[in-house]
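# Structure at a glance
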Amino acid sequence: MDLGDRVLVERNGISYEGVLMPSRRADHVVIKLKNGYNIGLKARESDIKLIEKGKEIKSQQLDRPLRDKPGLAQVSILSTGGTIASKVDYRTGAVTSQFSAGEIISAIPELEEIANYRARVIYQILSENMRSDYWTALARSVAEEIERGAEGVIITHGTDTMMYTAAALSFMLKTPVPVVLVGSQRSSDRPSSDASMNAVCAATVATSDIAEVSVVMHGTTNDDYCTIHRGTRVRKMHTSRRDAFQTINQHPLGRVDYLSRKVETYLSFCHRGEVEMELNERLEPRCSLVKYTPGSSPEILHYYIDKGYRGIVLEGTGLGHVASDWIEGIGRANEENIPVVVTSQCLRGRICDRVYDTGRDMLDAGAIEGGDMLPEVALVKLMWVLANNSEEVGSLMKTPLAGEISHSIPITV
């Protein structure tokens, strides 16, 4: 028998039917049950029989041709990989990025009721492998699709770094049509997969009037609606829950009811056709996000300065603080024209370095307050600002460019 074969395992009078999976222990047999979950059984105590060879099982997924339907909008799907484009690799038992964009459409027939599609595979990676030059290429691909007439763009993406990509695209693109990032927390072979609903809701938003970069994911643990998050305000807040994504320091853009496909909005947004397509895809990759922890050495800042980094985002405590012995490093960075932007580990709320002496000293040393920006958004914004307008970094980092920062009355002493 080979991995991927369908087998029947009998143990202690109980029968288990499923697909043979890899096992890390030689004395155990692992099978994937019909309900999508794996079970491990002691091999010496089990009777294993072959039901069906795996070749026929693995050939069931087809990438069928896409056929246009009159009257439906033209939407492009750009696949970068991630769990939503993944399935089980029967050689290893791991979930790997293997579905093409066309296969995703074939696997979710409801999508063809919403729009006509062009599908391209840009990358087939898990999102921890995403990097700045990939964001640049992805932004170019989005622009190409819009210039070819796409009335909306869907990007399938792994959830772990989706908020970074969403922020990067938000700064690099001015778009006349919706650009929607979507992923799933659980692969499509699992009974609790969120892939289908998320994709349907993403397609609904891609044909809506919300011409911004957004992230569309489950709004609750139920299959009731998806939340529409602005690309510069969203964060993954749980490792595995289906409703892991939340909008921080702002209301979400809106929601999509799964059954009715009705879009409800909560905030003002850029409407379809309101702006012309504009691509500013340059990024300065030599930037870093540094998390301050109690007692950490101020040499950390000097390391990044010595290594030639061009920008630093500090994730400080509370209102945006680091220890007093870090202030010299902030001053040195400022003298060497390396901006240091301060954000907060608290995530919710805005920083203010004018309340306590340490904060005031940080500002005197040249630190730039990041307002209520999420640390990762501040990092991506700094990369973009340095590459496109390095003479006005201080003012631009404190100015809303893509809805990433709130105008608010400053905290006073």
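The following paragraphs examine the structure supplied in this document. These numbers were taken from a predicted model, which means no experiment stands behind them. (Residues numbered from 1 in each chain as written. Predicted model: local features only at pLDDT ≥ 70, side-chain atom pairs only at ≥ 80, totals over all residues. Heavy atoms only, no water.)

### A few points about the sheet that holds strand β22 (residues 340–344)
Strand-to-strand pairing in sheets goes through backbone hydrogen bonds, with the strands running parallel or antiparallel. Selection rule: Note on pairing: DSSP must find at least two bridges between two strands before they are called paired. Counting from the N terminus, the helices are DSSP H or I runs at least four residues long and the strands are E runs at least two residues long.
Strand order in the open sheet made by the 4 strands is β20-β21-β22-β23, with parallel pairing throughout. In the strand order of this sheet, the two ends are held by β20 (287–291) and β23 (368–369), each with one partner. The pairing of strand β21 (residues 311–316) with β22 spans 5 bridges and is classified as parallel. Note on β22: the bridge partner recorded for Glu315 is Thr343.

### Quick look at the packing of aromatic side chains
The line we're drawing: In this analysis, rings of Phe, Tyr and Trp, with Trp reduced to its six-membered ring, are considered paired at centre separations within 6.5 Å, and the interplanar angle assigns stacked below 30 degrees, edge-to-face beyond 60, and tilted for intermediate values. Whether a residue is buried, partly exposed or exposed follows from its accessible area with a 1.4 Å probe, protein chains only, as a fraction of its type maximum: under 20%, in between, or over 50%, in that order. A ring has a charge above it when a Lys NZ or an Arg CZ is no more than 6 Å from the ring centre and no more than 35 degrees off the ring normal.
Applying the stated criterion across every chain, the model contains 5 aromatic pairs. On the basis of an interplanar angle of 25° and a centroid distance of 4.4 Å, the ring pair of Tyr123 and Tyr134 is categorised as stacked. Of this pair, Tyr123 sits in strand β9 (residues 115–125) while Tyr134 sits in helix α3 (residues 132–147), and the two are 11 residues apart along the sequence. Like Tyr134, Tyr123 is buried. Relative to Tyr304, the ring of Tyr303 lies with its centre 5.4 Å away and its plane at 85°, an arrangement referred to as edge-to-face. By the ring-pair criterion, three or more aromatic residues cluster together here, those being Tyr303, Tyr304 and Tyr309. The residue whose ring lies beneath Arg255 is Tyr225, and the NZ or CZ to ring-centre distance is 3.7 Å.

### Comments concerning the nonpolar core
For clarity, the cut-off: Residues grouped as a nonpolar core are buried Ala, Val, Leu, Ile, Met, Phe, Trp, Tyr and Cys residues, joined through side-chain atoms within 4.5 Å.
Core analysis: the biggest nonpolar cluster contains 55 residues, and Ile155 and Leu169 have the highest contact counts within it. Elements with a minimum of two residues in this core: β9, α3, β10 (152–156), α4 (162–172), β12 (179–182), β13 (213–218), α9 (375–388) and α10 (393–397). If you tally residues by element for this core, the top one is α9, at 9 residues. Counting 27 residues, the second-largest nonpolar core is a separate cluster that includes Ala115, Val182, Ala202 and Val216.

These results come straight from atomic positions and should not be treated as a statement about function.
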